[in-house]
Amino acid sequence: METKAKKENPEKNEDTKAKAETKKKDVAEPKANKQNSAKTTDKDKKDDNEFREFFIDELKDILWAEKAWLKALPKMRKAATGKELAESFDAHITETEEQISTLEQVFELMGEKPKTKKCDAMDGLLSEAESIISDTEKGSAIRDAGLILAAQKVEHYEIATYGTLAAFADAMKETKVAKMLRSILKDEKKSDKALTALALDSVNEDAAKE
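Computed from a predicted structure; not experimentally measured. (Residues numbered from 1 in each chain as written. Predicted model: local features only at pLDDT ≥ 70, side-chain atom pairs only at ≥ 80, totals over all residues. Heavy atoms only, no water.)

Enquirer: So what's going on with the overall build of the protein? Which residues, and what values?
Expert: A count of helical and extended segments in the protein gives five helices and zero strands. Put simply, the protein has 210 residues, and 34% of those count as buried. Considering only intrachain contacts with a sequence separation of at least 6, the fraction spanning at least 24 residues in the protein is 80%. Here the protein has roughly 13,500 Å² of accessible surface; of this, 51% comes from carbon and sulfur atoms. (Helix = DSSP H or I, 4+ residues; strand = E, 2+ residues; numbered from the N terminus. Buried < 20%, exposed > 50% of the residue type's maximum accessible area, 1.4 Å probe, protein only. Contact = heavy atoms within 4.5 Å. Areas by Shrake-Rupley, 256 points an atom, 1.4 Å probe, with all protein chains shown as cover.)

Enquirer: Tell me about the nonpolar core, and please be specific about residues and values.
Expert: One finds Phe55, Leu59, Trp69 and Leu181 to be the most contacted residues of the largest nonpolar core, which totals 51 residues. Sorting the residues of this core by element identifies α1 (2-79), α2 (83-109), α3 (120-135), α4 (141-171) and α5 (175-209) as the ones contributing at least two each. Top element by residues in this core is α1. It accounts for twelve residues. Apart from residues no more than four positions distant in its own chain, Trp69 is found in contact with Met76, His92, Thr96, Met122, Leu126, Ala151, Val154 and Glu158. (Core = buried A, V, L, I, M, F, W, Y, C linked by side-chain atoms within 4.5 Å.)

Enquirer: Can you lay out α4 for me, pointing to particular residues and giving the numbers?
Expert: A rise of 1.5 Å per residue sets the reference length of α4, with its 31 residues, at 45 Å; its end C-alpha atoms lie 45 Å apart and thus fit the reference within 8%. Taken from the residues just after α4, Lys173 is the one with a positive phi, measuring 65°. (Expected span 1.5 Å × (residues − 1).)

Enquirer: Let's hear about the side chain of Thr136: which residues, and what values?
Expert: Residue placement: Thr136 occurs in the loop between α3 and α4. Apart from the residues lying within four places of it in its own chain, the contact partners of Thr136 are Ile142 and Arg143.

Enquirer: Kindly report on the packing of α2 against α5, identifying the contributing residues and their values.
Expert: Where α2 meets α5, the closest approach of the two axes is 10 Å, and the angle between their N-to-C directions is 170°. Viewed along their axes, α2 and α5 adopt a mutual orientation that is roughly antiparallel. Counted together, Glu84, Leu85, Ser88, His92, Glu95, Gln99, Thr102, Leu103, Gln105, Val106 and Leu109 of α2 and Lys176, Val177, Met180, Leu181, Ser183, Ile184, Asp187, Glu188, Ser191, Leu195 and Leu198 of α5 form the full contact between these two elements. Residues that form the contact of α2 with α5 fall into these classes: ten nonpolar, seven polar and five charged. (Axes fitted to C-alpha atoms, helices over the stretch in contact; angles between N-to-C directions. Parallel < 35°, antiparallel > 145°, perpendicular 65-115°, else oblique. Nonpolar A, V, L, I, M, F, W, Y, C, P; charged D, E, K, R; others polar.)

Enquirer: A description of unusual backbone geometry should follow, citing residues and the corresponding values.
Expert: Even without being a glycine, Lys173 presents a positive backbone phi close to 65°. Within the fold, Lys173 resides in the loop between α4 and α5.

Enquirer: Please give an account of α5 that cites residues and values.
Expert: With 35 residues, α5 should reach 51 Å at 1.5 Å per residue; the first-to-last C-alpha distance of 50 Å fits that figure. Leu200 marks the point of greatest bend in α5, at about 55°. (Bend = angle between axes of the 7 residues up to and from the residue.)

Enquirer: Talk me through the pattern of salt bridges; I want residue IDs and the actual numbers.
Expert: Where side chains of opposite charge bring their charged atoms close, a pairing between them can arise. Under the criterion given, the structure shown has eight salt bridges. Where Asp90 meets Arg77, a salt bridge forms, and the shortest distance between an N and an O atom there is 2.7 Å. With a gap of 13 residues between them, Asp90 in helix α2 and Arg77 in helix α1 connect regions that are remote in the sequence. The closest approach of N and O atoms between Asp170 and Arg182, which form a salt bridge, is 2.6 Å. Remark: Arg182 occurs in helix α5 and Asp170 occurs in helix α4; sequence separation between them is twelve residues. (Salt bridge = Lys/Arg side-chain N within 4 Å of Asp/Glu carboxyl O.)

Enquirer: Go over the confidence of the model for the protein with me, naming the residues and quoting the values.
Expert: Here the protein averages 87 in pLDDT, and 78% of its residues register 70 or above. Residue range residues 1-8 is modelled with pLDDT below 50. Its contacts to residues more than four positions away, or to other chains, number zero contacts. (pLDDT = per-residue confidence, 0-100.)

Enquirer: So what's going on with the environment of Val203? Which residues, and what values?
Expert: Relative to the helices and strands, Val203 resides in helix α5. Put simply, Val203 and Ile142 are 61 residues apart on the chain and 7.9 Å apart in space, counted from C-alpha to C-alpha. Those residues in contact with Val203 that lie beyond four places of it in its chain are Ala141, Asp144, Ala145, Ile148 and Leu198.

Enquirer: So what's going on with the packing of aromatic side chains? Which residues, and what values?
Expert: Summed over the entire model, instances satisfying the criterion amount to two aromatic pairs. A ring pair is formed by Phe51 and Phe168, whose centres lie 5.0 Å apart and whose planes are at 65°; its orientation type is edge-to-face. Taken together, the residues Phe51 in helix α1 and Phe168 in helix α4 connect sequence positions 117 residues apart. With a relative accessible area of 27%, Phe51 lands in the partly exposed category. With 5.9 Å between their ring centres and 55° between their planes, Phe54 and Phe168 make a pair best called tilted. Highlighted residues: Phe54 in helix α1 and Phe168 in helix α4, separated in sequence by 114 residues. When its relative accessible area of 42% is taken as the criterion, Phe54 is described as partly exposed. (Phe/Tyr/Trp six-rings, centres within 6.5 Å; stacked < 30°, edge-to-face > 60°.)

Following this line, the structure appears as structure tokens:
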């Protein structure tokens, strides 16, 4: 009996050792998973911060663009021949002022001060508008057609920008910000549609006859 017990003891020792190793592994794995989870969370936070910074940077860009457009609109109005087109630019001045105010509120919701950064795209579009005015005859339908072209290029740029920024806000779960940006987007689409109607109703046809 004694001999048999001695033979069984090594097996029991091996079982005990194996159980201890398994237990140690089970304890170690949750710790490792927790560490990996922490690393993933840190990376996600960094990515979120970088995306947020990029978003704020683009807000600065479009705020500069809107303010530059606001300065250019009175000259566009003055250069217009047709009464309807001039009135359209007048309405757009008021609309752009409201959009700037909305953008400033977006900055506040993001916890940032409203700041601008030069928008090269808008700067180029406004330079082109200046060229159209200088290259066309005062009082002509051709000038009006050119002004509508210049204005619609601006509208299309703004439509692309606000649509994308709203999608960015969605990705960051900034629901209020996305809603405000889409309200501006809606205005831009409406203005673009009005300019198209004006061009098709009379301006393009009159320009073609000159």
